[in-house]
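Observations on the three-dimensional arrangement
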2 protein chains.
Amino acid sequence: MNRSIKFGFLLALLCMVYTAGGATAPGQEKTAATQWHAAQQFGVRGLGWEELAQTFTRLPAKAQGVVSEEVWRLGQNSAGLHVRFVSNSKSIKVKWSVRGNVSLNHMAATAVKGVDLYARSPQGWQWVGVGKPSGKKNEAEVVTNMAPGEREFLLYLPLYDGVDSVAIGVENGASISAAAPYEKKPIVFYGTSITQGACATRAGMAYPSIIGRCLNRETINLGFSGNGKMDPAMANLLAELDPALYVLDCLPNMKPEEVQPRTLEVVRLLKAKRPDTPILLVESITYAHVWIDQRVADVVQKKNQALRKAYEQLAAEGVKKLYYRNTKDLVNPNGEGTVDGIHLTDLGFTHLANALVKEIKTIDKKNKLK
Amino acid sequence: MNRSIKFGFLLALLCMVYTAGGATAPGQEKTAATQWHAAQQFGVRGLGWEELAQTFTRLPAKAQGVVSEEVWRLGQNSAGLHVRFVSNSKSIKVKWSVRGNVSLNHMAATAVKGVDLYARSPQGWQWVGVGKPSGKKNEAEVVTNMAPGEREFLLYLPLYDGVDSVAIGVENGASISAAAPYEKKPIVFYGTSITQGACATRAGMAYPSIIGRCLNRETINLGFSGNGKMDPAMANLLAELDPALYVLDCLPNMKPEEVQPRTLEVVRLLKAKRPDTPILLVESITYAHVWIDQRVADVVQKKNQALRKAYEQLAAEGVKKLYYRNTKDLVNPNGEGTVDGIHLTDLGFTHLANALVKEIKTIDKKNKLK
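The present account deals with the structure reproduced in this document. Computed from a predicted structure; not experimentally measured.

Calculation notes
- Residues numbered from 1 in each chain as written.
- Chains lettered and ligands numbered in written order.
- Predicted model: local features only at pLDDT ≥ 70, side-chain atom pairs only at ≥ 80, totals over all residues.
- Heavy atoms only, no water.
- Least-squares fit on C-alpha atoms with pLDDT ≥ 70 in both.
- Contact = heavy atoms within 4.5 Å.
- Helix = DSSP H or I, 4+ residues; strand = E, 2+ residues; numbered from the N terminus.
- Buried < 20%, exposed > 50% of the residue type's maximum accessible area, 1.4 Å probe, protein only.
- Phe/Tyr/Trp six-rings, centres within 6.5 Å; stacked < 30°, edge-to-face > 60°.
- Lys NZ or Arg CZ within 6 Å of the ring centre and 35° of its normal.
- Pairing = 2+ DSSP bridges.
- Axes fitted to C-alpha atoms, helices over the stretch in contact; angles between N-to-C directions.

Once that is clear, we can look at the relation of the copies chain A and chain B. Two chain copies, one operation linking them: a rotation about an axis together with a shift along it. Taken as rigid bodies, chain A and chain B are interconverted by a rotation of 180 degrees and an axial shift of 0.0 Å, the fit giving an RMSD of 0.0 Å. One copy is carried onto the other by what is essentially a two-fold rotation axis. Counting the interface residues of chain A, we find that 100% of their copies in chain B are interface residues as well, pointing to one common contact surface.

The following block contains the structure:
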């Protein structure tokens with residue numbers, strides 16, 4: 001996947017043209033000890049559509065009016081978007097401004113509107129530091145006191161707010177450049193608030209992002225809080241992408257009676273355009289309070305049974321490369337993985353990501369995902 | 001431990017006296033479908049001092065001016081306080097008002113100022129529902145649609161705010177009464193923000209509370225954010241209590257040079273008054289960013305070495321029943337257990353609690369903790 005990189009280079013070129021007179025480039029403003037670089041220079045990852053590389057949003061302009069107003073609005077949140085860069089700076093700062101300065105009463109602001117930094121270590125991606133938000137305009141020294149040497153970094157953008165601008169600050173004189181592009185096609189996740197990342201404590205803990213780090217693959221987060229409803233309009237948009245795998249995880253936002261017909265419609269739409277791309281259907285997680293709330297238990301069970309029926313019908317019709325993950329052990333068996341029964345915490349997301357990584361590895365083994 | 005219960009009965013008696021004229025008791029206001037009961041009627045647990053049973057705070061009046069202003073202020077937060085009751089209601093509501101309406105940028109409001117409900121199941125305490133806060137005055141239906149039958153519940157109060165009042169609402173006609181008292185002495189935790197519960201997503205996920213549920217013991221949370229400094233004035237207060245075990249987990253708030261002398265002083269003070277009560281010294285957790293921030297790595301190591309020296313000196317002096325937990329594996333080895341390197345998430349707290357439960361069980365085996 002090097003689309004983002006291409007757009008990054010284009011933008012960098014534009015910056016150079018604009019600053020031919022010798023002034024400081026907008027993406028390269030110098031302060032006393034820090035050199036700031038617009039994040040777009042290094043390519044924005046986790047994007048489905050090329051036109052988005054400069055806007056930090058998740059849906060292309062043509063989706064407006066096609067998807068619901070709520071989906072469009074949530075598409076402006078930067079969930080899953082990230083920037084990868086290489087630097088030898090001994091400290092990394094980030095300046096970012098958010099559009100909504102959103103507050104949620106069941107989710108830490110660090111995840112709602114903060115940034116989250118990882119670096120590549122011999123053990124894989126390892127957490128480095130968080131940028132805590134203070135308002136619309138934010139600046140944070142995310143890590144300092146690093147030993148000399150060049151490292152690859154991965155910076156996640158806010159999960160539940162939109163971002164107007166992001167700049168990465170390195171020490172004056174330090175190098176910074178785009179990381180090598182992902183080698184393989186992305187995995188696309190279409191889902192609910194759980195997919196979008198509610199209620200992680202940091203942007204990097206949304207489950208598609210954990211999976212991305214674990215598999216060292218690009219993941220595209222198309223989770224829309226309360227609005228991941230297996231919408232055929234969304235399916236048409238998803239079919240435009242060319243991912244390694246589609247993961248459909250919409251049940252928590254759907255009514256039981258919607259599950260079977262919409263699953264049939266969405267899978268058929270995707271398979272008509274992308275017959276060779278595997279699809280993974282995921283049952284609703286078993287909410288943490290189903291053991292005591294009889295009504296919720298009943299609803300979750302009905303939805304999962306409906307998804308299973310749709311899967312069996314599609315399999316009977318001969319649909320190939322369609323995979324299924326039932327609810328068993330998707331969430332912590334001790335019931336402690338959520339904040340409110342439904343929305344996963346870092347504890348719950350870690351468990352869910354591990355379960356889906358196992359599933360994706362099995363699909364990869366069968367299909368040699370590119 | 002039946003001090004809280006005794007005070008609960010006393011208060012219930014007072015309520016009855018006040019309402020001899022036949023009006024609704026202040027703790028038993030009837031609405032259309034819900035019968036409200038002041039939480040104090042059922043005893044407030046997690047308290048060190050008897051006088052506190054009606055105030056939802058953690059430090060006795062005599063501590064004011066003796067401990068630092070910051071410790072006194074944080075002592076007004078209800079971290080670790082909980083109420084246990086038995087009811088056959090099919091739904092449970094909670095009304096609670098907080099004093100500060102505190103907001104933190106790295107912690108969910110549900111944990112800062114929300115309430116958190118568990119129920120006893122054949123597998124032990126199991127999570128039921130959270131009361132999300134909306135402001136100073138809050139009301140939430142925490143669970144509904146429960147099957148008929150009597151259950152024991154455990155309601156945790158906010159971690160980072162003070163509480164003025166808490167009322168438990170059951171369906172009209174449903175029973176509600178105090179649960180049986182804890183059978184054993186409490187475990188007292190003296191520590192930092194990590195002990196107080198930063199940054200859990202729910203009040204029940206502070207590590208002393210997880211340990212309490214796991215061991216089915218009362219735990220007293222004397223964690224003071226930024227101010228758990230092995231203060232001799234606090235040690236004098238702690239020595240007034242008669243717990244099964246003291247856990248001292250203060251290092252993250254201390255300077256390296258303070259660790260050895262203060263540990264010696266605090267342990268000697270406690271042992272002078274409570275020679276038979278075991279003490280567990282806990283090293284600082286290895287912060288998630290020590291792998292990349294050299295300065296932080298150095299500071300944590302210095303503190304832990306100083307604690308080890310103090311422990312060895314005390315052991316050489318013949319101090320009995322003094323136990324030590326080094327930093328190894330206190331936090332998730334993959335570095336994902338914190339929100340900001342220091343403050344644990346539900347993922348980190350689960351890991352830390354498991355490590356300390358193991359330690360406490362070993363101490364229990366040796367000492368038969370009452």
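From this point on, the discussion continues.
The subject of this paragraph is unusual backbone geometry. Going from Ala198 of chain A to Cys199 of chain A, the amide bond is cis rather than trans, its omega being 10 degrees. For Cys199 of chain A, the location among the structural elements is in the loop between helix H4 (193-196) and helix H5 (207-215). The phi dihedral of Lys321 of chain A is positive, around 55 degrees, even though this residue is not glycine. For Lys321 of chain A, the position within the fold is in the loop between helix H8 (294-316) and strand E15 (322-325). For Met230 of chain B, which is not a glycine, the phi torsion comes out positive at approximately 50 degrees. Assignment of secondary structure puts Met230 of chain B in the loop between strand E12 (219-223) and helix H6 (232-240). The class for Met230 of chain B is buried, based on a relative accessible area of 0%.

Moving on to the packing of aromatic side chains. All names here are of chain A. Applying the stated criterion across every chain, the model contains 14 aromatic pairs over all chains. Between Phe42 and Phe85, the ring centres sit 6.1 Å apart and the planes meet at 40 degrees, which makes this aromatic pair tilted. Here the residue Phe42 occupies a position in the loop between strand E1 (34-38) and strand E2 (44-45), and Phe85 occupies one in strand E3 (residues 82-87), the gap between them amounting to 43 residues. Its relative accessible area of 4% is what places Phe42 among the buried residues. Classification of Phe85 by relative accessible area gives buried; the value is 0%. Between Phe189 and Tyr207, the aromatic rings sit 5.7 Å apart at their centres with planes inclined by 85 degrees, giving edge-to-face as the arrangement. Taken together, the positions of Phe189 in strand E11 (residues 187-191) and Tyr207 in helix H5 put the pair 18 residues apart, joining distant regions of the chain. Among the residues examined, Phe189 registers a relative accessible area of 0% and is labelled buried. In this structure an aromatic cluster arises from ring pairing among Phe42, Phe85 and Phe153. Above the face of the Tyr118 ring, Arg213 is positioned so that its terminal group lies 3.9 Å from the ring centre.

A word on the sheet that holds strand E9 (residues 163-171) of chain B. Residues and elements named next belong to chain B. If you trace the 4 strands from one edge of the open sheet to the other, you get E1-E9-E4-E7, paired in antiparallel fashion. Looking at the sheet topology across the chains shown, the edges are occupied by strand E1 (34-38) and strand E7 (137-143). Averaged over all neighbouring strand pairs, the angle between strand axes comes to 25 degrees, with direction disregarded.

So, on to the sheet that holds strand E7 (residues 137-143) of chain A. Residue and element names in this part refer to chain A. Read across the open sheet, the 4 strands follow the order E1-E9-E4-E7; overall the sheet is antiparallel. In this open sheet, the two strands that pair with only one neighbour each are E1 and E7. Pairs of neighbouring strands in the sheet enclose a mean axial angle of 25 degrees, with direction left out of account. Two elements, E1 and strand E9 (residues 163-171), share 5 bridges in a ladder whose sense is antiparallel. Each bridged residue has a counterpart across the sheet, and for Ala38 the counterpart in E9 is Ala167.

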